[in-house]
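Next come the chains, spelled out residue by residue.
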Amino acid sequence: MKIDHILENISNNKDKLAIASAGVEYTFGDIFIEYGNVKKLLDEYGIDDGRVVSLIAEFSPKSIAFFLALIERNTIIVPISRTIKNIEGYIRISESEFVIDLREEVKIEATKQTVTHSMLKELIDAKTAGLILFSSGTTGEPKAALHDLSHLMKKFEKPGKVLSTVTFLLFDHIGGFNTMMHSLASGSMIATLKERSPEEVCRVIEKYDIELLPTSPTFLNMIILSRVYERFDLSSLKIVSYGTEPMPESTLKKMHEILPNVKMKQTYGLSEVGIMATKSENSESLWMKLGGEGFETKIEDDILYIRAESAMKGYLNAPSPFDDQGWFNTKDKVEIKGEYIRILGRTTDLINVGGEKVYPNEVESALLCVDGVKDVFVYGEDNPITGKSVIAQVCVDESNNNRDFIKKLRRYCGQELEAYKRPVKYILKEQAFSGERFKKKR
């Protein structure tokens, strides 16, 4: 697959800072040199066109160089973050023939697996590069989404805005892939993180004059609670983009108050269809326009459906989620206001209380306004009379882990929420609810 425009842009920006990783700064020229080195390694190990290759890595000049060289050879790439616990399962499901492990020294091994899946064979026969992205579900076997990379790469044929960025989204995430390719196509620098903590993120923003922070609502709430923004200069920030889960309105309002000159931009992307263009109504609004070239949307029964040129070919280990006309049911319930939509939450997360629909995000947003609440996780529990009851797990400090604080929560919800939305049970905890990808595990 030709990536001449990417390679040409790297060459043209050879003296420009490309990536700051593990305290070391690298230019685009350094990436180009690595690219030449890894091509020789691929030749040495016989990784030629049409192979399925797992790449265990995080963002670095070497991992980026491998990614580019593998695309150019029309391989099917399986990016795997080092945070993944079931790496062997990913390798097995993807039918990877080779594993390139960059966790320490470069290690390349053949797996002795053979490609048998019809979709993989079809992509190999088409002589185009592919990408396999795994879902981050918390139950059951993760789904393996197979993409034709020629479709995903179209959006990077034209350079985008030059924006220095933090690589908050992981190497094996559709958003991480988007961050990497935007950087290479536009000549933007990216900075990696030693750890994904509020202090480390703010430190990197200050040190490298970061302009774009792509992140999740859960992590933004962690920044608010830590007040770490008071100790660092974040004036370089131009955009904070958020996605991967619904944003509590209270969290968005607080972030806008903390960073009034920063554009708060809601994003929308799925492993199955790619990342869509969005336009938020304003920095304090959860309403957005959704679409862009190569995407179609429709709303049926208040559910968002997407049809995309960049849609995956299908799952390797699950039935196709597309209907006969190519529409993908996102299962996201939405409201409509002219050209704008507002995402209320997944239909699978809705709580039916005596026929009334409760959106967990709405209750969470209300509880996050209570002083002393660090995080909230709302879900439904079976009830023989109403069908479901609303339950709230609330993250607090040790000093608030008592009955008096529960009474405080009940009083607040009694004032702010309709009766059917009020939690019938509050469970106080002192640990957060998010995983390594900083979104709630529903």
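Every chain's residues receive numbers from 1 upward, in the order its sequence appears when written. With the structure being a predicted model, the display of local features is reserved for residues of pLDDT at least 70 and the display and counting of side-chain atom pairs for 80 or more, all residues being used for whole-chain, interface and lining totals. The basis for the side-chain values is all heavy atoms of the structure; hydrogens and waters are excluded.

This part covers the packing of helix α1 (residues 4-12) against helix α7 (residues 174-186). Helix axes use the C-alpha atoms of the stretch in contact, all axes being lines fitted to C-alpha atoms, and the angles between their N-to-C directions lie in the range 0 to 180 degrees. A run of DSSP states H or I qualifies as a helix once it reaches four residues; a run of E qualifies as a strand once it reaches two. Both are numbered from the N-terminal end. One can describe the packing of α1 onto α7 by two numbers: an axis separation of 7 Å at closest approach and a directional angle of 60 degrees. Taking contact as the criterion, the partners of Ile 6, Asn 9 and Ile 10 in α1 are, on α7, Leu 184, Ala 185 and Ser 186. Split into classes, the residues belonging to the contact of α1 with α7 amount to 4 nonpolar, 2 polar and no charged. The contact rule is simple, with two residues in contact once any of their heavy atoms fall within 4.5 Å. Note that Gly is not counted as nonpolar here; it falls among the polar residues with everything else outside the nonpolar set of Ala, Val, Leu, Ile, Met, Phe, Trp, Tyr, Cys and Pro and the charged set of Asp, Glu, Lys and Arg.

Moving on to the packing of aromatic side chains. Pairing of aromatic side chains requires ring centres within 6.5 Å, counting the rings of Phe and Tyr and the six-membered ring of Trp. Pairs whose planes differ by under 30 degrees are stacked, by over 60 edge-to-face, and all others tilted. A complete count under the given rule lists 9 aromatic pairs for this structure. Seen from their ring centres, Phe 59 and Phe 171 are 5.4 Å apart, and the 80 degrees between their planes marks the pair as edge-to-face. With Phe 59 in the loop between β3 (52-56) and α3 (61-72) and Phe 171 in the loop between β9 (165-166) and α7, the pair connects residues that are 112 residues apart, well separated along the chain. On the basis of an interplanar angle of 55 degrees and a centroid distance of 5.7 Å, the ring pair of Phe 322 and Phe 328 is categorised as tilted. Just as Phe 322 is buried, Phe 328 falls in that class too. Every member of this aromatic cluster is reached through a ring pair, and the members are Phe 59, Phe 67, Phe 156, Phe 171 and Phe 177. In this scheme, a residue with accessible area under 20% of its type's maximum is buried, one over 50% is exposed, and one in between is partly exposed, where area comes from a 1.4 Å probe on protein chains only.

Each pair of strands is called paired provided DSSP finds at least two bridges between the two strands. The mixed open sheet is built from 7 strands, whose spatial order is β6-β5-β3-β4-β7-β8-β19. Strands with a single pairing partner mark the edges of an open sheet, and in this sheet they are β6 (107-110) and β19 (314-315). Contacts from helix α5 (residues 118-125) reach β4 (76-80), β7 (130-134), β8 (144-148) and β19 within the one sheet, and its direction differs from that of β8 by about 20 degrees.

As used here, the term nonpolar core means buried Ala, Val, Leu, Ile, Met, Phe, Trp, Tyr and Cys residues forming a set that is joined through side-chain atoms within 4.5 Å. Ranked by internal contacts, the top residues of the largest apolar core, which has 45 residues, are Phe 67, Ile 71, Ile 100, Leu 149, Phe 177 and Met 181. In terms of residues, this core owes the most to one element, α3, which gives 8 residues. Sequence-distant contacts of Leu 149, defined by excluding residues within four places in its chain, comprise Met 1, Ile 71, Ile 77, Ala 129, Gly 130, Leu 131 and Phe 177. Ranked by size, the runner-up nonpolar core spans 32 residues in total, among them Ala 20, Tyr 208, Ile 210 and Leu 286.

What follows concerns unusual backbone geometry. Despite not being glycine, Lys 127 shows a phi value in the positive range, around 55 degrees. With respect to the secondary-structure elements, Lys 127 resides in the loop between α5 and β7. Of note, Asp 209 is a non-glycine position whose phi angle comes to about 50 degrees, a positive value. Following the sequence through the fold, Asp 209 ends up in the loop between α8 (198-208) and β11 (212-215).

Our focus in this paragraph is the pattern of salt bridges. The salt bridge criterion pairs a side-chain nitrogen of Lys or Arg with a carboxyl oxygen of Asp or Glu, the two atoms within 4 Å. Using the criterion set out here, one finds 23 salt bridges in the structure. Residues Glu 199 and Arg 231 are paired through a salt bridge, measuring 3.5 Å at the closest nitrogen-oxygen approach. Of this pair, Glu 199 sits in helix α8 while Arg 231 sits in the loop between α9 (217-226) and β12 (239-242), and the two are 32 residues apart along the sequence. With a relative accessible area of 53%, Arg 231 lands in the exposed category. Put simply, Lys 238 and Glu 211 hold a salt bridge, and the shortest N to O gap is 3.1 Å. Linking Lys 238 in the loop between α9 and β12 with Glu 211 in the loop between α8 and β11, this pair joins segments that are 27 residues apart in sequence.

What follows covers α1. Looking only at α1, the buried set comprises Ile 6, Leu 7, Asn 9 and Ile 10. Across the axial projection of α1, the buried residues extend over an arc of 160 degrees, all falling on one side. Looking at the buried residues of α1, the elements they touch are α2 (28-44), α3 and α7. The directions from the helix axis to the C-beta atoms form the arc being described.

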